[in-house]
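# Tertiary structure, described
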Amino acid sequence: LLLNDPDRFLFDSVAEQGGSLNIRPGKLYGREKETALITDAFYRVSTSGESEILLVDGFSGCGKSKLIQSVIGQVNFAGGYVIQGKFDEIAQHCSQIGVLTNALNKL
């Protein structure tokens with residue numbers, strides 16, 4: 001698909017860029033749906049006054065941290081809170097509930 005339609009992926013314009021990739025540091029590619037889900041959840045909470053928890057999971061290296069980092073600025077600007085924690089399956093001293101507890105303690 002990339003070879004058939006390069007303008008659709010990572011290129012601002014093949015003609016303008018001379019056919020080179022224009023990868024922008026810090027730009028999140030292909031996560032519009034997930035970003036919208038997080039933004040919608042924050043909007044619901046900020047307008048309803050109710051509480052929600054949003055947990056993000058996935059395989060190692062799939063971009064979970066980058067996804068959360070992409071919305072932190074918007075949430076902080078609106079007066080919200082973002083807490084983060086990482087669970088390391090290899091670490092013997094760390095449990096999933098422990099990661100959640102540590103993240104909540106950061107509030």
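As a starting point, this report considers the structure included with it. (Residues numbered from 1 in each chain as written. Predicted model: local features only at pLDDT ≥ 70, side-chain atom pairs only at ≥ 80, totals over all residues. Heavy atoms only, no water.)

### Let's talk about the overall build of the protein
A count of helices and strands for the protein gives four helices and zero strands. Per-residue burial for the protein yields a buried fraction of 15% across its 107 residues. (Helix = DSSP H or I, 4+ residues; strand = E, 2+ residues; numbered from the N terminus. Buried < 20%, exposed > 50% of the residue type's maximum accessible area, 1.4 Å probe, protein only.)

### So, the nonpolar core
Ranked by size, the top nonpolar core spans five residues in total: Leu28, Ile38, Leu67, Ile68 and Val71. The leading source of residues in this core is helix 3 (residues 64-77), at three residues. When sequence neighbours within four positions are dropped, the list of residues in contact with Val71 reads Thr35, Ile38 and Thr39. (Core = buried A, V, L, I, M, F, W, Y, C linked by side-chain atoms within 4.5 Å. Contact = heavy atoms within 4.5 Å.)

### Let's talk about the environment of Glu52
Secondary-structure assignment places Glu52 in the loop between helix 2 (32-48) and helix 3. Separated by eleven residues in sequence, Glu52 and Ala41 place their C-alpha atoms 7.8 Å apart. Beyond its immediate sequence surroundings of up to four residues, Glu52 is in contact with Ala41, Arg44 and Val45. Side-chain polar atoms of Glu52 contact the side chain of Arg44, separated by 2.9 Å. (Polar contact = N/O pair within 3.5 Å; in protein donor to acceptor, adjacent residues only side chain to side chain.)

### Observations concerning helix 2
Along its 17 residues, helix 2 runs 24 Å from first to last C-alpha, staying within 8% of the 24 Å computed at 1.5 Å per residue. Buried within helix 2 we find Thr35, Ile38 and Ala41. End-on, the buried residues of helix 2 take up no more than an arc of 125 degrees, which puts them together on one face. Among the exposed residues of helix 2, those oriented more than 90 degrees off its buried face are Glu32, Lys33, Leu37, Tyr43 and Thr47. As for helix 2, its buried residues are in contact with helix 3. A positive phi of about 80 degrees marks Gly49, the residue just after helix 2. (Expected span 1.5 Å × (residues − 1). Arc of directions from axis to C-beta.)

### A few points about helix 3
Given a rise of 1.5 Å per residue, 14 residues ought to cover 20 Å, and the 21 Å separating the end C-alpha atoms of helix 3 matches this to within 8%. All buried positions along helix 3 are accounted for by Leu67, Ile68, Val71 and Val75. Against the buried residues of helix 3 lie helix 2. With its phi angle positive at about 90 degrees, Gly79 sits one or two positions after the end of helix 3.

By themselves these figures say nothing about function.
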